[in-house]
Amino acid sequence: MAPIELKRIRRVLIANRGEIAVRVIRACRRMGIESVAVFSEVDRGALHVRMADWARLIGPPAPQASYLDIDKVIDAARATKADAVHPGYGFLAENGEFAARVEEAGLIWIGPPPKAIADMGNKVIARNIMRKAGTPIVPGSDGPIEDPTAALAEAEKAGFPILIKAVAGGGGKGMRVVERAEDWLPSIETAQREAKGAFGNPSVFWEKYIVKPRHIEIQILSDRDGKAYSLNERECSIQRRHQKVVEESPSVAVDPDLRARMGKAAIAAAEACGYIGAGTVEFLLDADKNFYFLEMNTRLQVEHPVTEWVTGVDIVAEQLRIADGLDWKLPDLSHAPFGHAIEFRIYAEDPQNNFLPSPGTIANYHEPQGPGVRVDSGVYPGAAIPMYYDPMVAKLIVWGRDRAEAIARGRGALEEFSIDGVATTIDFHRKVLAHPEFVAGNTNTHFIDEHFGKEFKQPGMSDDTQRAIVMAAALYARKRAARTTPIGKTENGGSGLSPWTLDGRRRGVHRWPSQ
(Lines give C-alpha, C1' and ligand atoms only; values in the text may rest on other atoms or scores of the structure.)
Protein backbone atom coordinates (compact mmCIF):
# COMPACT_ATOMS: atom_id res chain seq x y z
CA MET A 1 0.00 0.00 0.00
CA ALA A 2 1.17 3.52 -0.78
CA PRO A 3 2.04 5.76 2.18
CA ILE A 4 -0.91 7.69 3.55
CA GLU A 5 -0.67 11.25 2.31
CA LEU A 6 -3.66 12.85 4.00
CA LYS A 7 -4.29 13.93 7.60
CA ARG A 8 -7.94 13.11 8.21
CA ILE A 9 -9.14 10.81 5.44
CA ARG A 10 -8.22 7.15 5.89
CA ARG A 11 -11.24 5.39 4.38
CA VAL A 12 -13.54 6.69 1.64
CA LEU A 13 -16.99 5.39 0.74
CA ILE A 14 -17.75 5.86 -2.95
CA ALA A 15 -21.48 6.51 -3.32
CA ASN A 16 -21.57 5.31 -6.91
CA ARG A 17 -20.93 2.41 -9.26
CA GLY A 18 -19.31 1.60 -12.60
CA GLU A 19 -16.25 3.22 -14.08
CA ILE A 20 -16.32 6.32 -11.88
CA ALA A 21 -16.30 4.21 -8.71
CA VAL A 22 -13.31 2.30 -10.11
CA ARG A 23 -11.59 5.60 -10.94
CA VAL A 24 -11.97 6.87 -7.37
CA ILE A 25 -10.87 3.53 -5.91
CA ARG A 26 -7.66 3.71 -7.94
CA ALA A 27 -6.95 7.25 -6.77
CA CYS A 28 -7.49 6.18 -3.15
CA ARG A 29 -5.18 3.21 -3.60
CA ARG A 30 -2.37 5.41 -4.94
CA MET A 31 -2.75 7.71 -1.94
CA GLY A 32 -2.79 4.93 0.67
CA ILE A 33 -6.51 5.38 1.42
CA GLU A 34 -8.89 2.45 1.92
CA SER A 35 -12.01 2.33 -0.25
CA VAL A 36 -15.57 1.22 0.47
CA ALA A 37 -17.89 0.19 -2.36
CA VAL A 38 -21.66 0.16 -2.09
CA PHE A 39 -23.68 -2.04 -4.39
CA SER A 40 -27.19 -3.08 -5.26
CA GLU A 41 -28.23 -6.72 -5.58
CA VAL A 42 -27.69 -6.67 -9.34
CA ASP A 43 -24.15 -5.28 -8.89
CA ARG A 44 -22.80 -8.01 -6.58
CA GLY A 45 -20.24 -9.03 -9.21
CA ALA A 46 -19.45 -5.52 -10.47
CA LEU A 47 -15.84 -4.47 -10.94
CA HIS A 48 -16.00 -1.65 -8.40
CA VAL A 49 -17.17 -4.15 -5.77
CA ARG A 50 -14.30 -6.50 -6.55
CA MET A 51 -11.66 -3.78 -6.48
CA ALA A 52 -12.64 -2.01 -3.24
CA ASP A 53 -11.16 -2.91 0.14
CA TRP A 54 -14.63 -3.14 1.65
CA ALA A 55 -18.09 -3.54 0.14
CA ARG A 56 -21.62 -3.22 1.48
CA LEU A 57 -24.97 -4.16 -0.01
CA ILE A 58 -27.44 -1.26 0.10
CA GLY A 59 -30.57 -2.59 -1.59
CA PRO A 60 -32.40 -3.96 -4.62
CA PRO A 61 -31.55 -2.95 -8.21
CA ALA A 62 -33.89 0.04 -8.51
CA PRO A 63 -31.80 3.21 -7.96
CA GLN A 64 -34.43 4.75 -5.67
CA ALA A 65 -34.03 1.79 -3.32
CA SER A 66 -30.23 1.67 -3.40
CA TYR A 67 -27.88 4.25 -4.92
CA LEU A 68 -30.39 7.10 -4.50
CA ASP A 69 -31.41 6.17 -0.95
CA ILE A 70 -29.64 8.72 1.23
CA ASP A 71 -30.31 6.89 4.50
CA LYS A 72 -28.88 3.61 3.20
CA VAL A 73 -25.73 5.24 1.82
CA ILE A 74 -25.02 7.15 5.04
CA ASP A 75 -25.78 4.04 7.13
CA ALA A 76 -23.25 2.16 4.99
CA ALA A 77 -20.63 4.85 5.61
CA ARG A 78 -21.19 4.68 9.36
CA ALA A 79 -21.23 0.88 9.44
CA THR A 80 -17.97 0.59 7.49
CA LYS A 81 -16.31 3.30 9.58
CA ALA A 82 -15.61 5.49 6.57
CA ASP A 83 -14.16 8.95 7.18
CA ALA A 84 -15.41 10.52 3.97
CA VAL A 85 -17.87 10.14 1.09
CA HIS A 86 -17.06 10.67 -2.59
CA PRO A 87 -20.22 10.94 -4.72
CA GLY A 88 -18.70 10.40 -8.19
CA TYR A 89 -21.09 11.77 -10.81
CA GLY A 90 -24.78 11.07 -11.29
CA PHE A 91 -27.02 9.56 -8.60
CA LEU A 92 -26.62 11.79 -5.48
CA ALA A 93 -23.57 13.74 -6.65
CA GLU A 94 -25.46 17.02 -7.12
CA ASN A 95 -27.94 16.59 -4.31
CA GLY A 96 -27.48 19.34 -1.75
CA GLU A 97 -29.54 17.47 0.85
CA PHE A 98 -27.23 14.46 0.56
CA ALA A 99 -24.13 16.63 0.99
CA ALA A 100 -25.65 18.26 4.08
CA ARG A 101 -26.64 14.89 5.54
CA VAL A 102 -23.13 13.55 5.03
CA GLU A 103 -21.66 16.48 6.94
CA GLU A 104 -24.33 16.22 9.67
CA ALA A 105 -23.28 12.60 10.15
CA GLY A 106 -19.78 13.79 10.99
CA LEU A 107 -18.32 12.59 7.68
CA ILE A 108 -16.11 14.52 5.26
CA TRP A 109 -17.94 15.46 2.07
CA ILE A 110 -15.64 15.32 -0.95
CA GLY A 111 -17.39 18.03 -2.88
CA PRO A 112 -18.61 21.61 -2.75
CA PRO A 113 -20.73 23.08 0.07
CA PRO A 114 -24.39 22.01 0.10
CA LYS A 115 -25.54 25.59 -0.56
CA ALA A 116 -23.37 25.88 -3.68
CA ILE A 117 -24.84 22.61 -4.95
CA ALA A 118 -28.39 23.80 -4.29
CA ASP A 119 -27.85 27.24 -5.81
CA MET A 120 -26.20 25.95 -8.97
CA GLY A 121 -28.76 23.16 -9.27
CA ASN A 122 -31.54 25.73 -9.55
CA LYS A 123 -31.05 27.19 -13.02
CA VAL A 124 -32.88 30.43 -12.22
CA ILE A 125 -30.90 31.10 -9.04
CA ALA A 126 -27.70 30.19 -10.90
CA ARG A 127 -28.49 32.68 -13.69
CA ASN A 128 -29.09 35.45 -11.17
CA ILE A 129 -25.83 34.69 -9.33
CA MET A 130 -23.95 34.72 -12.63
CA ARG A 131 -25.57 37.98 -13.67
CA LYS A 132 -24.43 39.64 -10.43
CA ALA A 133 -20.92 38.17 -10.87
CA GLY A 134 -20.65 39.68 -14.34
CA THR A 135 -20.57 36.29 -16.09
CA PRO A 136 -22.29 36.52 -19.51
CA ILE A 137 -25.68 34.78 -19.59
CA VAL A 138 -28.10 33.99 -22.41
CA PRO A 139 -31.02 36.47 -22.57
CA GLY A 140 -34.05 34.94 -20.88
CA SER A 141 -36.54 35.02 -18.03
CA ASP A 142 -35.53 36.18 -14.56
CA GLY A 143 -37.53 33.42 -12.89
CA PRO A 144 -39.82 30.47 -13.51
CA ILE A 145 -42.66 30.94 -15.98
CA GLU A 146 -45.72 31.81 -13.89
CA ASP A 147 -47.88 33.41 -16.60
CA PRO A 148 -47.24 31.74 -20.01
CA THR A 149 -48.98 34.55 -21.91
CA ALA A 150 -46.91 37.29 -20.31
CA ALA A 151 -43.77 35.18 -20.74
CA LEU A 152 -44.55 34.77 -24.45
CA ALA A 153 -44.67 38.52 -24.90
CA GLU A 154 -41.19 38.83 -23.37
CA ALA A 155 -39.86 35.89 -25.36
CA GLU A 156 -41.10 37.37 -28.63
CA LYS A 157 -39.02 40.48 -27.94
CA ALA A 158 -35.91 38.27 -27.78
CA GLY A 159 -37.00 36.52 -30.97
CA PHE A 160 -37.55 32.90 -31.88
CA PRO A 161 -36.28 30.22 -31.53
CA ILE A 162 -36.68 30.05 -27.74
CA LEU A 163 -35.52 27.26 -25.44
CA ILE A 164 -37.77 26.10 -22.59
CA LYS A 165 -35.70 24.58 -19.76
CA ALA A 166 -36.41 22.90 -16.43
CA VAL A 167 -35.43 25.00 -13.41
CA ALA A 168 -34.13 21.94 -11.57
CA GLY A 169 -33.04 20.07 -14.67
CA GLY A 170 -30.18 18.88 -16.78
CA GLY A 171 -29.31 16.27 -19.36
CA GLY A 172 -31.91 17.46 -21.84
CA LYS A 173 -34.91 16.55 -19.69
CA GLY A 174 -37.66 19.15 -19.45
CA MET A 175 -36.22 20.97 -22.44
CA ARG A 176 -38.03 22.08 -25.61
CA VAL A 177 -37.09 24.31 -28.54
CA VAL A 178 -39.94 26.61 -29.62
CA GLU A 179 -39.81 27.85 -33.20
CA ARG A 180 -43.11 29.75 -33.34
CA ALA A 181 -45.67 31.34 -31.04
CA GLU A 182 -48.39 28.73 -31.63
CA ASP A 183 -46.11 26.04 -30.16
CA TRP A 184 -45.43 28.03 -27.00
CA LEU A 185 -48.12 26.66 -24.65
CA PRO A 186 -47.86 22.99 -25.77
CA SER A 187 -44.07 23.14 -25.39
CA ILE A 188 -44.31 24.59 -21.89
CA GLU A 189 -46.82 21.93 -20.84
CA THR A 190 -44.67 19.09 -22.23
CA ALA A 191 -41.52 20.47 -20.61
CA GLN A 192 -43.32 20.84 -17.28
CA ARG A 193 -44.51 17.22 -17.37
CA GLU A 194 -41.00 15.98 -18.16
CA ALA A 195 -39.47 18.16 -15.45
CA LYS A 196 -41.99 16.94 -12.89
CA GLY A 197 -41.30 13.32 -13.74
CA ALA A 198 -37.51 13.65 -13.86
CA PHE A 199 -36.83 16.09 -11.02
CA GLY A 200 -40.02 16.33 -8.97
CA ASN A 201 -40.24 20.02 -9.86
CA PRO A 202 -42.37 21.16 -12.84
CA SER A 203 -40.99 24.72 -12.93
CA VAL A 204 -39.51 25.88 -16.24
CA PHE A 205 -37.99 29.08 -17.59
CA TRP A 206 -37.02 30.34 -21.03
CA GLU A 207 -33.82 31.40 -22.76
CA LYS A 208 -32.98 32.67 -26.21
CA TYR A 209 -31.98 29.61 -28.24
CA ILE A 210 -28.41 29.88 -29.55
CA VAL A 211 -28.33 28.31 -33.01
CA LYS A 212 -25.58 25.74 -33.63
CA PRO A 213 -23.32 26.70 -30.73
CA ARG A 214 -20.21 24.97 -29.52
CA HIS A 215 -20.37 23.56 -25.99
CA ILE A 216 -17.26 24.76 -24.15
CA GLU A 217 -16.66 24.15 -20.46
CA ILE A 218 -13.98 25.28 -18.02
CA GLN A 219 -12.63 22.91 -15.37
CA ILE A 220 -12.02 24.66 -12.08
CA LEU A 221 -10.54 23.75 -8.71
CA SER A 222 -11.27 25.88 -5.64
CA ASP A 223 -9.44 25.77 -2.32
CA ARG A 224 -11.13 25.76 1.07
CA ASP A 225 -10.92 29.55 1.22
CA GLY A 226 -13.03 29.75 -1.94
CA LYS A 227 -10.22 30.89 -4.24
CA ALA A 228 -10.78 29.31 -7.66
CA TYR A 229 -8.34 28.32 -10.40
CA SER A 230 -8.95 27.47 -14.04
CA LEU A 231 -7.60 24.27 -15.62
CA ASN A 232 -8.63 25.52 -19.07
CA GLU A 233 -11.32 24.33 -21.42
CA ARG A 234 -12.87 21.20 -22.86
CA GLU A 235 -15.05 21.10 -25.96
CA CYS A 236 -18.11 18.85 -25.66
CA SER A 237 -20.06 19.71 -28.80
CA ILE A 238 -20.61 16.15 -30.07
CA GLN A 239 -23.86 15.21 -28.31
CA ARG A 240 -26.88 12.98 -28.71
CA ARG A 241 -30.12 13.93 -26.95
CA HIS A 242 -28.22 16.74 -25.16
CA GLN A 243 -25.78 14.16 -23.72
CA LYS A 244 -22.07 14.44 -24.51
CA VAL A 245 -20.44 11.53 -26.32
CA VAL A 246 -17.08 12.97 -27.47
CA GLU A 247 -15.00 15.55 -25.59
CA GLU A 248 -11.62 17.09 -26.30
CA SER A 249 -9.10 19.56 -24.94
CA PRO A 250 -8.05 22.10 -26.00
CA SER A 251 -10.83 23.35 -28.27
CA VAL A 252 -9.86 24.34 -31.80
CA ALA A 253 -12.23 27.31 -31.43
CA VAL A 254 -10.52 28.78 -28.36
CA ASP A 255 -7.46 30.99 -28.80
CA PRO A 256 -5.30 32.18 -25.87
CA ASP A 257 -7.27 35.42 -25.45
CA LEU A 258 -10.65 33.67 -25.41
CA ARG A 259 -9.24 31.00 -23.07
CA ALA A 260 -8.17 33.68 -20.63
CA ARG A 261 -11.54 35.45 -20.76
CA MET A 262 -13.55 32.26 -20.33
CA GLY A 263 -11.26 31.14 -17.50
CA LYS A 264 -11.74 34.48 -15.76
CA ALA A 265 -15.54 34.19 -16.12
CA ALA A 266 -15.50 30.64 -14.73
CA ILE A 267 -13.40 31.71 -11.75
CA ALA A 268 -15.82 34.57 -11.05
CA ALA A 269 -18.72 32.11 -11.24
CA ALA A 270 -17.12 29.67 -8.81
CA GLU A 271 -16.13 32.34 -6.32
CA ALA A 272 -19.58 33.96 -6.50
CA CYS A 273 -21.25 30.81 -5.19
CA GLY A 274 -18.62 29.98 -2.55
CA TYR A 275 -17.37 26.92 -4.38
CA ILE A 276 -14.87 24.39 -2.97
CA GLY A 277 -13.26 21.48 -4.83
CA ALA A 278 -13.61 20.36 -8.44
CA GLY A 279 -16.37 21.77 -10.63
CA THR A 280 -17.12 22.73 -14.20
CA VAL A 281 -18.60 25.94 -15.58
CA GLU A 282 -20.29 25.30 -18.91
CA PHE A 283 -20.73 27.86 -21.68
CA LEU A 284 -22.27 28.10 -25.13
CA LEU A 285 -19.99 29.68 -27.73
CA ASP A 286 -21.63 31.22 -30.79
CA ALA A 287 -20.19 31.73 -34.26
CA ASP A 288 -18.94 35.22 -33.33
CA LYS A 289 -17.00 33.88 -30.31
CA ASN A 290 -19.49 35.30 -27.82
CA PHE A 291 -19.86 32.95 -24.85
CA TYR A 292 -22.78 32.57 -22.45
CA PHE A 293 -23.13 30.78 -19.12
CA LEU A 294 -25.07 27.53 -19.48
CA GLU A 295 -24.78 25.84 -16.09
CA MET A 296 -22.33 24.77 -13.42
CA ASN A 297 -21.78 21.10 -12.69
CA THR A 298 -21.02 20.84 -8.98
CA ARG A 299 -19.19 17.51 -9.20
CA LEU A 300 -16.50 15.59 -11.01
CA GLN A 301 -17.27 15.46 -14.72
CA VAL A 302 -17.37 12.31 -16.82
CA GLU A 303 -14.85 13.92 -19.18
CA HIS A 304 -12.30 14.98 -16.56
CA PRO A 305 -9.59 12.66 -18.01
CA VAL A 306 -9.00 14.86 -21.06
CA THR A 307 -8.05 17.73 -18.75
CA GLU A 308 -5.80 15.38 -16.78
CA TRP A 309 -3.98 14.44 -20.00
CA VAL A 310 -3.22 18.02 -21.08
CA THR A 311 -2.45 19.46 -17.62
CA GLY A 312 -0.85 16.53 -15.78
CA VAL A 313 -3.21 17.14 -12.83
CA ASP A 314 -4.91 14.16 -11.14
CA ILE A 315 -8.25 15.83 -10.49
CA VAL A 316 -9.60 13.11 -8.20
CA ALA A 317 -6.46 13.23 -6.06
CA GLU A 318 -6.83 17.02 -5.83
CA GLN A 319 -10.45 16.56 -4.71
CA LEU A 320 -9.24 14.34 -1.89
CA ARG A 321 -6.47 16.74 -0.86
CA ILE A 322 -8.81 19.74 -0.81
CA ALA A 323 -11.47 17.87 1.18
CA ASP A 324 -8.87 16.67 3.68
CA GLY A 325 -8.03 20.27 4.56
CA LEU A 326 -4.38 20.18 3.61
CA ASP A 327 -2.60 23.41 2.74
CA TRP A 328 -3.43 23.07 -0.94
CA LYS A 329 -1.90 24.78 -3.94
CA LEU A 330 -2.73 24.21 -7.59
CA PRO A 331 0.06 22.37 -9.41
CA ASP A 332 2.02 24.42 -11.94
CA LEU A 333 0.03 24.83 -15.16
CA SER A 334 2.45 27.08 -17.03
CA HIS A 335 2.93 24.30 -19.59
CA ALA A 336 -0.80 23.71 -20.18
CA PRO A 337 -2.43 22.86 -22.42
CA PHE A 338 0.22 20.33 -23.39
CA GLY A 339 -0.73 18.35 -26.48
CA HIS A 340 -4.30 17.34 -27.31
CA ALA A 341 -6.65 14.79 -25.72
CA ILE A 342 -9.95 13.30 -26.94
CA GLU A 343 -12.42 11.16 -24.98
CA PHE A 344 -14.94 8.73 -26.46
CA ARG A 345 -17.75 7.52 -24.23
CA ILE A 346 -18.35 3.85 -24.95
CA TYR A 347 -22.01 3.13 -24.21
CA ALA A 348 -23.92 -0.13 -24.39
CA GLU A 349 -26.27 1.50 -26.88
CA ASP A 350 -27.36 0.74 -30.43
CA PRO A 351 -26.62 3.78 -32.64
CA GLN A 352 -28.51 2.16 -35.51
CA ASN A 353 -31.65 2.19 -33.38
CA ASN A 354 -31.78 5.73 -32.04
CA PHE A 355 -29.04 4.98 -29.49
CA LEU A 356 -31.35 2.73 -27.49
CA PRO A 357 -29.65 1.11 -24.46
CA SER A 358 -28.47 -2.47 -24.97
CA PRO A 359 -28.49 -4.21 -21.58
CA GLY A 360 -27.05 -7.70 -21.37
CA THR A 361 -23.85 -9.58 -20.55
CA ILE A 362 -20.45 -8.79 -22.01
CA ALA A 363 -19.15 -11.97 -23.65
CA ASN A 364 -15.72 -10.77 -24.75
CA TYR A 365 -13.92 -7.57 -23.81
CA HIS A 366 -10.58 -6.31 -25.14
CA GLU A 367 -9.21 -2.85 -24.35
CA PRO A 368 -6.75 -1.07 -26.65
CA GLN A 369 -3.25 -0.29 -25.44
CA GLY A 370 -0.27 1.76 -26.55
CA PRO A 371 1.31 5.19 -26.12
CA GLY A 372 -1.19 7.94 -25.42
CA VAL A 373 -4.08 5.51 -24.79
CA ARG A 374 -6.09 5.32 -21.56
CA VAL A 375 -9.25 3.36 -20.78
CA ASP A 376 -11.40 4.05 -17.72
CA SER A 377 -13.70 1.06 -17.42
CA GLY A 378 -16.10 -0.58 -15.01
CA VAL A 379 -16.48 -3.96 -16.73
CA TYR A 380 -14.74 -7.23 -17.62
CA PRO A 381 -15.61 -10.33 -19.71
CA GLY A 382 -18.78 -11.79 -18.22
CA ALA A 383 -19.87 -8.55 -16.55
CA ALA A 384 -23.52 -7.57 -16.67
CA ILE A 385 -24.84 -4.30 -18.09
CA PRO A 386 -28.04 -3.87 -16.04
CA MET A 387 -31.07 -2.12 -17.47
CA TYR A 388 -31.47 -0.03 -14.32
CA TYR A 389 -28.54 2.37 -14.77
CA ASP A 390 -26.69 4.54 -17.24
CA PRO A 391 -25.34 2.15 -19.92
CA MET A 392 -21.79 3.50 -20.00
CA VAL A 393 -19.27 0.68 -20.37
CA ALA A 394 -15.99 2.57 -20.56
CA LYS A 395 -14.27 5.77 -21.59
CA LEU A 396 -11.47 5.70 -24.17
CA ILE A 397 -9.12 8.67 -23.85
CA VAL A 398 -6.27 9.31 -26.27
CA TRP A 399 -3.51 11.90 -26.22
CA GLY A 400 -1.24 13.23 -28.94
CA ARG A 401 1.30 16.00 -29.33
CA ASP A 402 -1.31 17.75 -31.49
CA ARG A 403 -4.90 17.14 -32.55
CA ALA A 404 -3.92 15.24 -35.69
CA GLU A 405 -1.88 12.76 -33.67
CA ALA A 406 -4.67 12.39 -31.11
CA ILE A 407 -7.16 11.62 -33.91
CA ALA A 408 -4.76 9.06 -35.40
CA ARG A 409 -4.32 7.37 -32.04
CA GLY A 410 -8.08 7.44 -31.52
CA ARG A 411 -8.65 5.66 -34.82
CA GLY A 412 -6.14 2.97 -33.96
CA ALA A 413 -7.49 2.49 -30.45
CA LEU A 414 -11.11 2.27 -31.64
CA GLU A 415 -10.14 -0.36 -34.20
CA GLU A 416 -8.51 -2.39 -31.43
CA PHE A 417 -11.36 -1.93 -28.92
CA SER A 418 -13.59 -5.01 -29.03
CA ILE A 419 -16.75 -5.72 -27.03
CA ASP A 420 -19.12 -8.60 -27.75
CA GLY A 421 -22.46 -9.49 -26.19
CA VAL A 422 -24.03 -6.02 -26.23
CA ALA A 423 -24.35 -3.33 -28.87
CA THR A 424 -21.93 -0.44 -28.33
CA THR A 425 -21.08 2.99 -29.73
CA ILE A 426 -17.55 1.98 -30.81
CA ASP A 427 -18.41 1.89 -34.53
CA PHE A 428 -20.21 5.22 -34.21
CA HIS A 429 -17.04 6.81 -32.83
CA ARG A 430 -15.01 5.36 -35.70
CA LYS A 431 -17.35 7.10 -38.14
CA VAL A 432 -17.15 10.40 -36.26
CA LEU A 433 -13.35 10.33 -36.43
CA ALA A 434 -13.49 9.59 -40.15
CA HIS A 435 -15.82 12.51 -40.90
CA PRO A 436 -14.01 15.40 -42.64
CA GLU A 437 -15.92 18.05 -40.67
CA PHE A 438 -14.76 16.57 -37.36
CA VAL A 439 -11.21 16.30 -38.62
CA ALA A 440 -11.39 19.97 -39.66
CA GLY A 441 -12.72 20.93 -36.20
CA ASN A 442 -16.06 22.16 -37.57
CA THR A 443 -18.31 20.94 -34.78
CA ASN A 444 -21.39 22.17 -32.96
CA THR A 445 -24.06 20.67 -30.72
CA HIS A 446 -26.07 19.56 -33.80
CA PHE A 447 -23.18 17.65 -35.35
CA ILE A 448 -24.76 14.19 -35.03
CA ASP A 449 -28.15 15.27 -36.37
CA GLU A 450 -26.55 17.16 -39.26
CA HIS A 451 -24.09 14.50 -40.39
CA PHE A 452 -25.50 11.21 -39.10
CA GLY A 453 -29.20 11.95 -38.65
CA LYS A 454 -30.43 9.50 -41.28
CA GLU A 455 -27.99 6.77 -40.29
CA PHE A 456 -28.28 6.89 -36.52
CA LYS A 457 -31.78 8.13 -35.80
CA GLN A 458 -35.25 6.63 -35.96
CA PRO A 459 -37.62 9.65 -36.03
CA GLY A 460 -40.91 9.68 -34.21
CA MET A 461 -39.99 7.29 -31.39
CA SER A 462 -41.24 8.60 -28.05
CA ASP A 463 -39.37 8.24 -24.77
CA ASP A 464 -42.10 5.87 -23.52
CA THR A 465 -41.66 3.64 -26.58
CA GLN A 466 -37.89 3.60 -26.06
CA ARG A 467 -38.29 2.60 -22.41
CA ALA A 468 -40.73 -0.17 -23.32
CA ILE A 469 -38.32 -1.58 -25.92
CA VAL A 470 -35.43 -1.53 -23.47
CA MET A 471 -37.47 -3.26 -20.76
CA ALA A 472 -38.63 -5.94 -23.17
CA ALA A 473 -35.10 -6.56 -24.41
CA ALA A 474 -33.75 -6.79 -20.87
CA LEU A 475 -36.47 -9.24 -19.78
CA TYR A 476 -35.77 -11.40 -22.81
CA ALA A 477 -32.03 -11.42 -22.06
CA ARG A 478 -32.70 -12.31 -18.40
CA LYS A 479 -34.99 -15.22 -19.33
CA ARG A 480 -32.49 -16.49 -21.88
CA ALA A 481 -29.69 -16.41 -19.33
CA ALA A 482 -31.85 -18.24 -16.77
CA ARG A 483 -32.55 -21.02 -19.28
CA THR A 484 -28.93 -21.50 -20.35
CA THR A 485 -26.72 -20.69 -17.36
CA PRO A 486 -26.74 -22.56 -14.02
CA ILE A 487 -27.02 -20.35 -10.96
CA GLY A 488 -23.63 -19.19 -9.76
CA LYS A 489 -21.89 -20.16 -13.00
CA THR A 490 -20.81 -18.20 -16.05
CA GLU A 491 -21.37 -19.51 -19.53
CA ASN A 492 -17.75 -20.70 -19.72
CA GLY A 493 -18.30 -22.86 -16.64
CA GLY A 494 -16.50 -20.64 -14.17
CA SER A 495 -17.84 -19.25 -10.94
CA GLY A 496 -17.98 -15.70 -12.26
CA LEU A 497 -15.74 -14.59 -9.38
CA SER A 498 -12.66 -12.48 -9.88
CA PRO A 499 -9.33 -13.49 -8.31
CA TRP A 500 -9.78 -10.38 -6.15
CA THR A 501 -12.56 -12.08 -4.20
CA LEU A 502 -10.51 -15.02 -2.90
CA ASP A 503 -9.04 -13.65 0.31
CA GLY A 504 -6.82 -11.04 1.89
CA ARG A 505 -6.58 -7.27 1.79
CA ARG A 506 -6.16 -5.63 -1.59
CA ARG A 507 -6.39 -9.05 -3.25
CA GLY A 508 -9.84 -9.49 -1.79
CA VAL A 509 -13.01 -7.63 -0.95
CA HIS A 510 -14.22 -7.65 2.63
CA ARG A 511 -17.99 -8.02 2.78
CA TRP A 512 -19.04 -6.18 5.86
CA PRO A 513 -20.43 -8.47 8.62
CA SER A 514 -24.11 -9.47 8.34
CA GLN A 515 -24.01 -9.60 4.54
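Residues numbered from 1 in each chain as written. Predicted model: local features only at pLDDT ≥ 70, side-chain atom pairs only at ≥ 80, totals over all residues. Heavy atoms only, no water.

1. Overview of unusual backbone geometry
Thinking step 1. Going from Phe160 to Pro161, the amide bond is cis rather than trans, its omega being 5 degrees.
Thinking step 2. Counting through the fold element by element, Pro161 comes out in the loop between helix H7 (148-158) and strand E6 (162-166).
Thinking step 3. The peptide bond linking Ser249 to Pro250 adopts the cis configuration, its omega dihedral lying at -5 degrees.
Thinking step 4. Relative to the helices and strands, Pro250 is located in the loop between strand E11 (243-249) and helix H9 (256-272).
Thinking step 5. A positive phi is found at Phe355, a non-glycine position, where the angle reads about 60 degrees.
Thinking step 6. You can call Phe355 buried: its relative accessible area is 4%. (Helix = DSSP H or I, 4+ residues; strand = E, 2+ residues; numbered from the N terminus. Buried < 20%, exposed > 50% of the residue type's maximum accessible area, 1.4 Å probe, protein only.)

2. Concerning the sheet that holds strand E9 (residues 214-222)
Thinking step 1. Pairing is antiparallel across the open sheet formed by eight strands, whose spatial order is E13-E12-E9-E10-E11-E14-E21-E19. Each of the sheet's edge strands pairs with one partner strand only, and the pair in question is strand E13 (291-297) and strand E19 (373-377). Between one strand and the next, the sheet's axes are offset by a mean angle of 25 degrees, whatever the strand orientation.
Thinking step 2. Bridge analysis of strand E14 (residues 340-347) against strand E21 (residues 392-400) gives eight bridges, and the strand direction is antiparallel. Looking at E21, one finds that Ile342 is bridged to Val398.
Thinking step 3. Sheet contacts for H9: E9, strand E10 (228-240), strand E12 (277-285) and E13; angle to E10, the most-contacted strand, approximately 105 degrees. (Pairing = 2+ DSSP bridges. Axes fitted to C-alpha atoms, helices over the stretch in contact; angles between N-to-C directions. Contact = heavy atoms within 4.5 Å.)

3. Let's talk about the side chain of Ser141
Thinking step 1. On the secondary structure map, Ser141 appears in the loop between helix H6 (123-133) and H7.
Thinking step 2. Separated by 3.1 Å, the side chain of Ser141 and the backbone oxygen of Gly143 make a polar contact. (Polar contact = N/O pair within 3.5 Å; in protein donor to acceptor, adjacent residues only side chain to side chain.)

4. Observations concerning the confidence of the model for the protein chain
Thinking step 1. When pLDDT is averaged along the protein chain, the result is 89; 88% of the residues meet or exceed 70.
Thinking step 2. Across residues 480-508 the pLDDT falls below 50, and counting only partners more than four positions away or on other chains, this stretch makes 38 contacts in the model. (pLDDT = per-residue confidence, 0-100.)

5. Looking at H9
Thinking step 1. Between its terminal C-alpha atoms H9 stretches 24 Å, which fits the 24 Å expected from 17 residues at 1.5 Å a residue.
Thinking step 2. Taken together, the buried positions of H9 are occupied by Leu258, Arg259, Met262, Gly263, Ala265, Ala266, Ala269 and Ala270. All buried residues of H9 fall inside an arc of 165 degrees around its axis, so they share one side. The outward face of H9, more than 90 degrees from its buried face, is lined by the exposed residues Pro256 and Lys264.
Thinking step 3. On its buried face, H9 is in contact with H6, E9, E10, E12 and E13.
Thinking step 4. Backbone geometry just downstream of H9 places Gly274 in the positive-phi region, at approximately 65 degrees. (Expected span 1.5 Å × (residues − 1). Arc of directions from axis to C-beta.)

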